[in-house]
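These are the residues of each chain, in order.
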Amino acid sequence: MEYIPNILFVVFAILGFGLFIRNILKIRRNIFLGKDENRSDHPFERWKILGLVAIGQGKMLKKPISGFFHIIIYIGFIIINIELIEIFIDGIGGSHRYIGYLLPNTIYNYITSILDSIALLVTFAVLVFFFRRNIINVPRLNSKDLLGWPKIDGNLILVIEFLLMMAFFSMNASDYRLQQLGVYITIGNFPISNFIFGGLFSKLSVHSLEIIEKSTWWFHYLGILFFLNYLYLSKHLHILFAFPNTYFSNLNKIGQINNLDAITHEVKLLMDPNADPFTTASDGNTPEKFGASDVTDLSWIQLLNAYSCTECGRCTSSCPANITGKKLSPRKIMMNVRDRIEEVGRNIDKNKSYIDDGKQLLGDYITPEEIWACTTCNACVEACPILINPLSIIIDLRRYLVMEKSAAPQELNMMMNNIENNRAPWQFSPSDRENWSKE
């Protein structure tokens, strides 16, 4: 009977991590439904960007308040979860604060007091974020593209983090009180936990304290396993994907738009007097489709961008089209891509292979009105704290409308006709250009 808790601990760990790995493999499968794109060049520069932007949180402080408190949660998340090492050792071996016996008492006390203090900072940051979302109602966190699950998700994750912190404080405070009563050997220092719950727990019996200590220890452990698997349903996937997303980010200068290889190939053929135009259709360089109408037409890095999106809204709040009241929201673009690739993934899970469901990203999720509102100014790209590029998706959707459907807006068609006929965007003959330029 004494080994039942240890067995349950291992069973929950296997189930929790097994489900997590299963979900991550599904996401990986979905991402690689996208077209291949080489992002393995310049590894040193990519590692540098990863260190500065993802690990170092280099772009977060462009919005000082939210950036500062996000860094607190980020640091707290890393440091406090060091305690998971001890939880796993104790859970599997049936020990109590085993690391405390390995380290000198002063060092262990120093570590636990730091963890206790950082937990307080994390709790305060969580309350600040909850206040900003629900009391102050910061516009970028309450826009209409966050209605429904995205808004619930943002609040739910804050509630979970708050409850985990309260369980952390309760566990430490009850543990310390049991040490004072001689149930455990005195080890560890928990100033914040004792400040919050010490007065309340000082009046409780040993039996009650043991129940609180064990139940909060299990709540903390199971809560972390739950949180790990909740990521699959949440925008908090960026906790994992921000790192590969920044590593595989675009190294070209912002504003440099990629050329389609097929178009470049055709232009080179036109410039080659020795080329045989009748062989171009069978040389393997003609794509099935120009641009993108669905998620499988996008590249895998664009799909990784969608899964990495934090839904923070920095891109949308910086977008001049959105600011002037147009329908375009770069954040919504990324959320729509993620929703659609998830739908495609569920289709594959159900049917073993993709069966056409009559839907597409363009039209069913993103409207032409949205993508033509974009000014291609790159404000959204510059604003993103983890280097997501919504503009690349917008451009590929536009390419499909123009090159496959000839569905560009009338104003754009007029401009392109003028460039073709007059070698300029204006409706003037080249021979008359000097006349109006002098006026």
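What you see is a predicted model; the values in this text were computed from it and never measured.

(A) Just the packing of aromatic side chains, in detail. Applying the stated criterion across every chain yields a total of 23 aromatic pairs. Through a chain of ring-to-ring contacts, three or more aromatic side chains come together here, namely Phe9, Phe12, Phe17, Phe88, Trp217, Trp218 and Tyr221.

(B) Just empty space enclosed by the protein, in detail. A complete count under the given rule lists three cavities of 30 Å³ or more for this structure. Within this model, the largest cavity holds a volume of roughly 100 Å³. Taken together, 13 residues line the largest cavity, and the ones lying closest to its centre are Cys309, Cys312, Cys315, Cys384 and Ile388. When the residues that make up the lining of the largest cavity are grouped by side-chain class, the tally is ten nonpolar, two polar and one charged. A volume near 70 Å³ is recorded for the second largest cavity. If you go around the second largest cavity, you meet 13 residues; those closest to its centre are Cys319, Leu328, Cys374, Cys377 and Cys380. Of all the secondary structure elements, the ones that give two or more residues to the lining of the second largest cavity are α18 (379-383) and α19 (390-403).

(C) Representation of the layout of surface pockets. What the largest pocket holds in volume is close to 1500 Å³. If you trace the largest pocket, you find 48 residues lining it, with Glu37, Arg39, Asn258, Gln302 and Asp396 closest to the centre. Of all the elements in the fold, those that place two or more residues in the lining of the largest pocket are α2 (43-55), α11 (261-271), α12 (300-308), α18 and α19. Here the lining of the largest pocket gets five residues from one element, more than from any other, and that element is α19.

(D) Spatial organisation of the side chain of Ser308. Within the secondary structure, Ser308 sits in helix α12. Classification of Ser308 as buried rests on a relative accessible area of 0%. With residues near it in sequence (within four places) discarded, Ser308 still touches His238, Phe241, Asn245, Ile386 and Ile388.

Parameters and conventions
Residues numbered from 1 in each chain as written. Predicted model: local features only at pLDDT ≥ 70, side-chain atom pairs only at ≥ 80, totals over all residues. Heavy atoms only, no water. Phe/Tyr/Trp six-rings, centres within 6.5 Å; stacked < 30°, edge-to-face > 60°. 1 Å grid on protein atoms, 1.4 Å probe; cavity = no way out; pocket = protein on both sides within 12 Å on 5 of 7 lines; lining within 4 Å. Points joined across faces, edges and corners; volume = space filled by probe spheres on them. Nonpolar A, V, L, I, M, F, W, Y, C, P; charged D, E, K, R; others polar. Helix = DSSP H or I, 4+ residues; strand = E, 2+ residues; numbered from the N terminus. Buried < 20%, exposed > 50% of the residue type's maximum accessible area, 1.4 Å probe, protein only. Contact = heavy atoms within 4.5 Å.

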